[in-house]
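# Summary of the model geometry
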Amino acid sequence: MTDKKRRVGVYPGTFDPVTKGHLDIIRRGRGLFDELIVGVAESTSKTTLFSVKERLAMMRAELKGVKGVRVESFDTLLVDYVKSVGATTVLRGLRVISDFEYEFQMALTNRRIEPSVETVFMMTQDNYAPISSRFIKEIARFGGDISHFVTPKVVLRLKSRYSKTGSGKE
Ligand code: COA
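Residues numbered from 1 in each chain as written. Predicted model: local features only at pLDDT ≥ 70, side-chain atom pairs only at ≥ 80, totals over all residues. Heavy atoms only, no water.

## Section: the packing of aromatic side chains
Convention followed: What counts as a ring pair is set by centres within 6.5 Å for rings of Phe, Tyr and Trp (its six-membered ring), and what kind of pair is set by the plane angle: stacked under 30 degrees, edge-to-face over 60, tilted for all other angles. Each residue gets one of three labels from its accessible area relative to the maximum for its type: buried under 20%, exposed over 50%, partly exposed in between, using a 1.4 Å probe on protein chains only. Numbering of helices and strands starts at the N terminus; helices are DSSP runs of H or I of at least 4 residues and strands are runs of E of at least 2.
For the coordinates displayed, the defined rule picks out three aromatic pairs. A ring pair is formed by Tyr 11 and Phe 15, whose centres lie 5.5 Å apart and whose planes are at 50 degrees; its orientation type is tilted. As far as burial versus exposure is concerned, Tyr 11 and Phe 15 are alike and both buried. With a centroid separation of 5.3 Å and 20 degrees between ring planes, the pair formed by Phe 100 and Phe 104 is classed as stacked. Here Phe 100 and its partner Phe 104 are both found in helix α4 (residues 97-113), four residues apart, which amounts to about one turn of the helix. When its relative accessible area of 43% is taken as the criterion, Phe 104 is described as partly exposed.

Here's what the structure looks like:
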């Protein structure tokens, strides 16, 4: 092997819960890197339904046996996390045009804080474009069918959470 530098990417998110749309980006995105690290954000501005431990466990269960992908949590600035794991690139998915403005601002802010970190975007598959974790939770809370959007394991997790309390809060 030559001394070519390993390409490590980070796919960050809250993943509350992980959706088929996220998994689609991970499966397609991992081919761009020697290693893709899925970074589960421990604390975000969002109030999460699942704890970081649960979100990590769900993501790990989905990606068990998938080569070239590692799942970790982080609780720092994204760019600091990216540097700490020896990565140079952030991978983000774009679903709809309205994602663009937020993603653009985030990428520019991250570049301002840390110019060495690049952000690349991948278009989600059109059948996953309308998915959002928030909508999935809402449908699940009212007992609707979410099997198109999340895997059977995640369906079970959501069902069990909402059957306990109705609101999902423990
Ligand atoms: N398919 C389906 N849904 C998708 C998707 C895809 N491909 N890509 C994004 N989404 C959904 C998510 O489920 C989520 O839905 P929700 O808002 O209903 O929960 C939404 O789109 C985007 O959320 P997510 O991808 O989880 O990203 P986020 O915006 O919550 O994550 C972090 C943001 C964690 C990357 C950001 O807060 C961060 O970097 N935090 C660390 C602190 C930091 O550095 N802050 C400065 C940033 S400039």
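## A few points about the side chain of Thr 151
Our working rule: Here, two residues are considered to be in contact whenever any of their heavy atoms come within 4.5 Å of each other.
Counting through the fold element by element, Thr 151 comes out in the loop between α5 (133-141) and α6 (152-165). Residue contacts for Thr 151: discarding those within four places in its chain leaves Lys 20, Leu 23 and Glu 62.

## Considering a nonpolar patch on the surface
How we decide: Patch membership requires more than 30% relative accessible area and the absence of a salt bridge. Residues of like charge join within 9 Å; the nonpolar side chains Val, Leu, Ile, Met, Phe, Trp and Tyr join within 5 Å. Computed with the Shrake-Rupley method and a 1.4 Å probe, the accessible areas treat only the protein chains shown as cover for residues. Definition used for salt bridges: Asp or Glu carboxyl oxygen within 4 Å of a side-chain nitrogen of Lys or Arg.
A contiguous nonpolar patch, built from Phe 100, Phe 104 and Leu 108 and spanning about 280 Å² of accessible area, is present on the exposed surface. Since its relative accessible area comes to 42%, Phe 100 is described here as partly exposed.

## Observations regarding the nonpolar core
Definition in use: Definition of nonpolar core: a set of buried residues of the types Ala, Val, Leu, Ile, Met, Phe, Trp, Tyr and Cys, connected through side-chain atoms within 4.5 Å.
Ile 26, Val 38, Met 59, Leu 63 and Leu 158 are the most contacted members of the largest nonpolar core, which has 32 residues in total. Broken down by secondary-structure element, the contributors of at least two residues to this core are α1 (20-29), β2 (35-41), α2 (52-63), β3 (69-74), α5 and α6. For this core, the element with the most residues is α2, which contributes five residues. In this view, Val 38 contacts Tyr 11, Phe 15, Ile 26, Met 59, Leu 63, Val 69, Arg 70, Val 71 and Glu 72; residues no more than four positions away in its chain are not counted. Ranked by size, the runner-up nonpolar core spans 13 residues in total, among them Val 8, Ile 37, Phe 74 and Val 79.

## Topic: the sheet that holds β2
The test is simple: Two strands form a pair only when DSSP identifies at least two bridges running between them. The angle between two axes is taken between their N-to-C directions and runs from 0 to 180 degrees, where each axis is a line fitted to C-alpha atoms and a helix contributes only its stretch in contact.
Spatially, five strands are ordered β3-β2-β1-β4-β5 in an open sheet, and the strand pairing comes out parallel. The sheet terminates laterally at β3 and β5 (118-123), the two strands that pair on one side only. Between one strand axis and the next, the sheet turns through 30 degrees on average, direction left out of account. Of the pairings in the sheet, the one linking β2 to β3 comprises six bridges and is parallel in character. Within the sheet, the bridge partner assigned to Gly 39 lies in β3 and is Glu 72.

## Observations regarding the pairing of strand β1 (residues 8-13)
Counting buried residues in β1 gives six out of six residues, a clear majority hidden from the surface. Both faces of β1 are covered, namely the face carrying Val 8, Val 10 and Pro 12 and the face carrying Gly 9, Tyr 11 and Gly 13. For β1 and β2, the ladder comprises six bridges, and the chain directions are parallel. Across the sheet, residue Gly 13 finds its bridge partner in β2, namely Val 40. Pairing analysis gives two bridges linking β1 to strand β4 (residues 89-94), with the strands arranged parallel. Directly across from Gly 9, in β4, lies its bridge partner Thr 89.

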